[in-house]
Amino acid sequence: MGGKEIQGVMACLKSGWLTTGPLCKAFEEKFCELTGASYALSVSSGTAGMHLMLLGLDIKRGDEIITPSMTFASTLNMITLCGAKPIFVDIHYDTLNINADLIKEKITEKTKVIVPVHFAGAPVDMDKILGIAKKYDLFIIEDAAHGLGTYYKGVHVGGFGHCAIFSFHPLKNITTGEGGMITHHDDHLESRLRLL
Ligand SMILES: *Cc1c(COP(=O)(O)O)cnc(C)c1O
């Protein structure tokens, strides 16, 4: 934390508006610019972002969510909190990312969402995953907790027409102490997520 960051926090404390104020709005606008997403919504953590997104998509008991077997526990916590079932797909040894070739065999009529993780800032093979999502009519929630600044074929993560979750925990690329961001492209989801 340099002098500029500390000054920024002081300015916020003195402004008389401590949460969901003009600084949050400016931060969200910067995120839209960076990712190319239509909407960005700041939240209290990446985990909170995942929770809201699953609620926004109306994920409930009986639904299945495909996610890599190596990820952060909170993704699984939020899936099970919603009553849904995480379905694991193995990772590639060389990228530590989900092996997109193994996804199709895990899809059932209960599958609703794929949650790939851009592990340690290395982008997943989005072309393959977007193709599968289109073919089987599935939604993608990119877990971009450590994906800020990550591009796949010139597109920033979160810019693929579905949605992404970012984290600002101190272990991640940038920090707000704790915090997170949802980015997405959907007018209907926007009003629902803001309400939630
Ligand atoms: C850190 C992390 C999260 C959760 O972020 P928090 O802001 O700590 O809730 C989710 N997924 C992955 C892959 C992470 O590394």
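Structure: above.
Rules and cut-offs
Residues numbered from 1 in each chain as written. Predicted model: local features only at pLDDT ≥ 70, side-chain atom pairs only at ≥ 80, totals over all residues. Heavy atoms only, no water. Helix = DSSP H or I, 4+ residues; strand = E, 2+ residues; numbered from the N terminus. Rg over C-alpha atoms; globule rule 2.2 N^0.38 Å. Buried < 20%, exposed > 50% of the residue type's maximum accessible area, 1.4 Å probe, protein only. Core = buried A, V, L, I, M, F, W, Y, C linked by side-chain atoms within 4.5 Å. Contact = heavy atoms within 4.5 Å. Pairing = 2+ DSSP bridges. Axes fitted to C-alpha atoms, helices over the stretch in contact; angles between N-to-C directions. Right-handed = clockwise from strand over helix to strand, strands pointing away.

Draft legend 1. Region of interest: the overall build of the chain. Across its full length, the chain holds 6 helices and 9 strands. Computed over its C-alpha atoms, the radius of gyration of the chain comes to 17 Å, within 12% of the 16 Å expected for a compact globule of 196 residues. Overall, the C-alpha framework of the chain stretches about 55 × 35 × 25 Å when taken along its three principal axes. Put simply, the chain has 196 residues, and 44% of those count as buried.

Draft legend 2. How the structure looks around the nonpolar core. If you look at the biggest cluster of nonpolar residues, it comprises 21 residues, and the most contacted ones within it are Met53, Leu54, Ile65, Ile141 and Ile182. Broken down by secondary-structure element, the contributors of at least two residues to this core are strand E1 (39-43), helix H3 (46-56), helix H4 (73-81), strand E5 (139-143), strand E8 (163-167) and helix H6 (187-195). No other element matches H3, which puts 4 residues into this core. Discounting chain neighbours no more than four positions away, the residues touching Met53 are Phe139, Ile141, Cys163, Ile165, Ile182, Leu189 and Leu193. Ile107, Ile132, Ala133 and Phe160 belong to the second largest nonpolar core, which has 17 residues in total.

Draft legend 3. Structural view of the sheet that holds strand E4 (residues 111-114). One open sheet holds the 7 strands; their spatial order is E1-E9-E8-E5-E4-E2-E3, and the pairing between them is mixed. Of all the strands in the sheet, just E1 and strand E3 (85-89) have a single pairing partner and so form its edges. On average, each strand axis in the sheet is inclined to that of its neighbour by 25 degrees, with strand direction left out of account. In terms of strand pairing, E1 meets strand E9 (residues 180-184) through 5 bridges, oriented antiparallel. Bridge assignment links Tyr39 to a residue of E9, and that residue is His184. The strands touched by H4 are strand E2 (64-68), E3 and E5; relative to E3, the strand with the most contacts, the crossing angle is about 140 degrees. Set on the sheet, helix H5 (residues 126-136) makes contact with E4 and E5; between it and E5 the angle comes to about 150 degrees.

Draft legend 4. Structural context of the pairing of E4. Direction of pairing for E2 relative to E4: parallel, over a ladder of 3 bridges. Paired with Ile66 across the two strands is Ile114, which belongs to E4. Read from E4 through H5 to E5, the crossover connection turns out right-handed.

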